[in-house]
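# Residue-level structure breakdown
The lines below spell out each chain.
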Amino acid sequence: MASSNSKSTNETARKIFKILLSNPRIKVSWVRAHAGNIGNERADQLAKDATQHGQPYSHTKLPKPHIKGLLRKRMLEEWQTLWKNGDTGRIIYNIMPSVSLRPTNWIREDVIFFSQHGPFPAYLKRFHLSDSNYCSCGGIGTALHYATECIYTVSWHMRKPAPNFEQEWLKRVANNLVSRHKIRGIVKFMSENRDLFRPPQ
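Residues numbered from 1 in each chain as written. Predicted model: local features only at pLDDT ≥ 70, side-chain atom pairs only at ≥ 80, totals over all residues. Heavy atoms only, no water.

Counting its secondary structure elements, the chain contains 10 helices and 0 strands. Shown N-terminal to C-terminal, the secondary structure of the chain runs as helices and strands in the order α-α-α-α-α-α-α-α-α-α. The globule rule puts the C-alpha radius of gyration for 201 residues at 17 Å, and the 31 Å found for the chain is more than 25% above it. Along the first, second and third principal axes, the C-alpha atoms of the chain reach 85 × 40 × 30 Å. Across the 201 residues of the chain, 24% fall into the buried class. Across the chain, the fraction of contacts at a sequence separation of at least 24, relative to all contacts at a separation of at least 6, is 39%. Taken as two groups, the 31 positive and 15 negative side-chain charges of the chain have centres that lie 7 Å from each other. (Helix = DSSP H or I, 4+ residues; strand = E, 2+ residues; numbered from the N terminus. Rg over C-alpha atoms; globule rule 2.2 N^0.38 Å. Buried < 20%, exposed > 50% of the residue type's maximum accessible area, 1.4 Å probe, protein only. Contact = heavy atoms within 4.5 Å. Lys, Arg positive; Asp, Glu negative; His and termini not counted. Charge placed at Lys NZ, Arg CZ, Asp CG, Glu CD.)

Applying the stated criterion to the full structure yields 9 aromatic pairs. For the ring pair Phe 120 and Tyr 146, a centre distance of 6.1 Å and an interplane angle of 25° mean the geometry is stacked. Of this pair, Phe 120 sits in the loop between α5 (108-115) and α6 (121-126) while Tyr 146 sits in helix α7 (residues 143-148), placing them 26 residues apart in sequence. Its relative accessible area of 0% is what places Tyr 146 among the buried residues. Judged by centre distance (5.9 Å) and plane angle (90°), the ring pair of Phe 189 and Phe 197 falls under edge-to-face. (Phe/Tyr/Trp six-rings, centres within 6.5 Å; stacked < 30°, edge-to-face > 60°.)

Another point: unusual backbone geometry. A positive phi angle, near 65°, is found at Asn 105, a position not held by glycine. Within the secondary structure, Asn 105 sits in the loop between α4 (90-95) and α5. The phi torsion at His 128 lies on the positive side, around 60°, for a residue other than glycine. By the secondary structure assignment, His 128 is in the loop between α6 and α7.

Roughly 360 Å³ of volume is contained in the largest pocket. Considering the residues around the largest pocket, the lining is formed by 15 residues, among which Met 96, Ser 98, Ser 100, Arg 102 and Thr 104 are closest to the centre. When contributions to the lining of the largest pocket are tallied by element, the ones reaching two or more residues are α3 (64-85) and α4. A class-by-class count of the residues in the lining of the largest pocket yields 9 nonpolar, 4 polar and 2 charged. (1 Å grid on protein atoms, 1.4 Å probe; cavity = no way out; pocket = protein on both sides within 12 Å on 5 of 7 lines; lining within 4 Å. Points joined across faces, edges and corners; volume = space filled by probe spheres on them. Nonpolar A, V, L, I, M, F, W, Y, C, P; charged D, E, K, R; others polar.)

A few words on the side chain of Arg 180. Within the element layout of this structure, Arg 180 appears in helix α9 (residues 177-192). From its side chain, Arg 180 meets the backbone oxygen of Asn 105 in a polar contact 3.2 Å long. Other than its neighbours up to four places away in sequence, Arg 180 contacts Thr 104, Asn 105, Trp 106, Asp 110, Phe 114, Val 173 and Ala 174. (Polar contact = N/O pair within 3.5 Å; in protein donor to acceptor, adjacent residues only side chain to side chain.)

The following block contains the structure:
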């Protein structure tokens with residue numbers, strides 16, 4: 001068989017030979033045709049069907065940029081579907097519902113604030129890293145609390161949104177560079193002064 005001959009000039013046979021060489025557990029043997037072997041009979045039937053009813057194979061060379069464009073589009077579509085129907089990252093999804101390959105220019109502090117996974121007592125309590133979700137000032141220690149009402153972060157305060165407008169408020173803050181500088185200041189201050197925000201024992 002050509003596939004077992006390392007000197008074969010057939011490109012397909014040489015590829016098969018390399019695969020067999022790197023997978024010694026795969027054994028290839030000759031099977032007599034029309035001897036009642038179910039798999040062989042089925043392969044023979046499929047080959048006949050292909051020659052009689054199959055479509056001719058067209059090896060059309062497409063420009064690489066065109067292929068890359070098609071793959072990029074398909075990848076973005078699949079990514080968007082997964083992002084839309086996912087179970088995690090819903091807070092970020094509400095801020096950025098559409099996927100994109102363009103960078104957001106978010107830094108670490110932005111990610112911490114908008115994901116609300118950081119030095120916030122409400123987050124720490126949720127994951128059993130703290131016994132209380134209260135800030136030392138007496139309020140519930142959410143990211144919104146520190147951005148709008150905590151007495152320790154008053155230098156960076158923004159106007160507090162109505163409860164039913166919190167998601168819209170987060171979108172506006174995410175898209176406003178001045179507001180993003182404020183939340184960066186809050187997160188840095190909290191990270192450097194963790195003891196200040198711990199609830200009283």
